[in-house]
Amino acid sequence: LHNISIVNITVTERCLSTGEDDGKFTFFTAAGEFLSPIYGMDSVIINQFMYGIRGSSGSLQSGYIQNLETKERWGWTKQQLESYDGNDSVANWILRKIGNLIMSLLAFFLVTTVTSLIVRVLTSSGVVLMFPLFSFFRSVGMRGADERILALSYPWIGSARTAIANRQIHPQSH
């Protein structure tokens, strides 16, 4: 009805590392099989399918792959593959490279911005937990849980607390 071919391909780690299921076991194939859970084999297999399976006329084909173990899915169109196959003009190639550069810079900017925001919030709000925690330590009799440590660790709050204590406006403990 929809002209879809379903092909079940099961590939072992030994086949991927040596080229056949009963291939020779060497140090390098053992290392490859040991490290394969870290780097995975999906990229290799997907690239082989995308560029290896062609129509009867030799043209690239649109496709879709699903890893039955991880449930990950990948899809591509014929047009996407042809644009990377070197058949496009120099202007399209340059525009694609500029687009990749802009997207990379945008991703870098967003990641560093979010990371710096998280670090800033955690650094400044971590103090909120430290004063009650030190009060708890003092209430259970722990020695060394001193306000001086907090004042030195967080000078922007320590200097404000010292100024309040010197003016005797508010009580030091509630």
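Residues numbered from 1 in each chain as written. Predicted model: local features only at pLDDT ≥ 70, side-chain atom pairs only at ≥ 80, totals over all residues. Heavy atoms only, no water.

Concerning the overall build of the chain
We apply this condition: Each helix is a run of H or I in the DSSP string that is no shorter than four residues. Each strand is a run of E no shorter than two, and both are numbered from the N terminus. C-alpha atoms define the radius of gyration, and 2.2 Å times the number of residues to the power 0.38 defines the globule rule.
Counting its secondary structure elements, the chain contains seven helices and two strands. For the chain, the N- to C-terminal ordering of α and β elements is α-α-α-β-β-α-α-α-α. For 174 residues, the compact-globule formula gives about 16 Å, and the C-alpha radius of gyration of the chain, at 30 Å, lies well above that figure. In terms of principal-axis extent, the alpha carbons of the chain reach across some 90 × 50 × 40 Å.

Quick look at the confidence of the model for the chain
Rules: On a range of 0 to 100, pLDDT expresses the predictor's confidence in each residue.
Averaged over all residues, the pLDDT of the chain is 80; the fraction at 70 or higher stands at 93%. Element-level mean pLDDT values for the chain span from 74 in helix 1 (residues 13-18) up to 88 in helix 5 (residues 90-139).

Thoughts on a nonpolar patch on the surface
Put simply, the rule is: In this scheme, patches are assembled from residues that exceed 30% relative accessible area and form no salt bridge. Like charges are connected within 9 Å, while nonpolar side chains (Val, Leu, Ile, Met, Phe, Trp, Tyr) are connected within 5 Å. Only the protein chains shown count as cover for residues, with accessible areas throughout obtained via the Shrake-Rupley method and a probe of 1.4 Å. Salt bridges are identified by distance alone: a Lys or Arg side-chain nitrogen within 4 Å of an Asp or Glu carboxyl oxygen. The rule is simple: take the accessible area with a 1.4 Å probe, protein chains only, and divide by the maximum for that residue type; under 20% is buried, over 50% is exposed, in between is partly exposed.
A surface patch of nonpolar side chains, amounting to about 490 Å² of accessible area, comprises Val90, Trp93, Ile94, Ile98 and Ile102. Checked against the element boundaries, Ile98 lands in helix 5. Residue classification places Ile98 among the partly exposed positions, given a relative accessible area of 41%.

Some remarks on helix 5
The test is simple: Here, expected helix span is obtained from the residue count minus one, scaled by 1.5 Å. Bend is the name given here to the angle between axes fitted to two runs of seven residues, the run ending at a residue and the run starting at it.
The first and last C-alpha atoms of helix 5 sit 73 Å apart over 50 residues, in line with the 74 Å expected at 1.5 Å per residue. The largest bend in helix 5 is about 25 degrees, located at Ser124. When we look at burial in helix 5, the residues that qualify are Arg96, Val127, Phe131 and Phe134. Directly after helix 5, the chain includes Gly141, whose backbone phi takes a positive value near 85 degrees.

Some thoughts on the environment of Leu68
The residue Leu68 is located in the loop between strand 1 (63-66) and strand 2 (73-76) in this model. Taking the relative accessible area as the measure of exposure, Leu68 reaches 58% and is therefore exposed. Separated by 60 residues in sequence, Leu68 and Asn8 have C-alpha atoms that sit 9.7 Å apart.

Side note on the pairing of strand 1
One face of the sheet, then the other: side chains in a regular strand alternate in exactly this way. Let me state the cut-off plainly: We treat two strands as partners when DSSP finds at least two bridges between them.
For strand 1 and strand 2, the ladder comprises four bridges, and the chain directions are antiparallel. Looking at strand 2, one finds that Gly63 is bridged to Trp76. Counting the residues in the hairpin turn of strand 1 and strand 2 gives six residues, including Lys71, whose phi is positive at 65 degrees.

A few points about the packing of aromatic side chains
Spelled out, the test is: Each Phe, Tyr or Trp ring (for Trp, its six-membered ring) is paired with any other whose centre lies within 6.5 Å, and the angle between the two planes then decides the class: stacked below 30 degrees, edge-to-face above 60, tilted in between.
If you walk through the whole model with that rule in mind, you get three aromatic pairs. With centroids separated by 5.5 Å and ring planes inclined at 70 degrees, the aromatic side chains of Phe27 and Phe28 adopt a geometry described as edge-to-face. Through a chain of ring-to-ring contacts, the aromatic side chains of Phe134, Phe136 and Phe137 assemble into a single cluster.

A closer look at unusual backbone geometry
Of note, Lys71 is a non-glycine position whose phi angle comes to about 65 degrees, a positive value. Along the chain, the position of Lys71 falls in the loop between strand 1 and strand 2.

Details of the environment of Ala163
Summarising the element assignment, Ala163 is placed in helix 7 (residues 155-167). Between the C-alpha atom of Ala163 and that of Thr12, which follows or precedes it by 151 residues, the distance is 70 Å.

Comments concerning the environment of Ser17
Along the polypeptide, Ser17 turns up in helix 1. Relative accessible area serves as the criterion here: at 26%, Ser17 is assigned to the partly exposed category. Sequence spacing of Ser17 and Gly32 is 15 residues, and the spatial spacing of their C-alpha atoms is 6.4 Å.

Remarks on the side chain of Thr29
Our working definition: Polar contact is defined as a pair of N or O atoms within 3.5 Å, subject to the rule that within protein one atom must be able to donate a hydrogen and the other to accept it, and that residues adjacent in sequence are counted only when both atoms are side-chain atoms. By the convention used here, residues are in contact when the closest approach between their heavy atoms is within 4.5 Å.
Tracing the backbone through its elements, the reader meets Thr29 in helix 2 (residues 27-39). Within polar-contact distance, the side chain of Thr29 engages the backbone nitrogen of Thr26 at 2.7 Å. Excluding residues that lie within four positions of it along the chain, Thr29 makes contacts with Ser17, Thr18 and Lys24.

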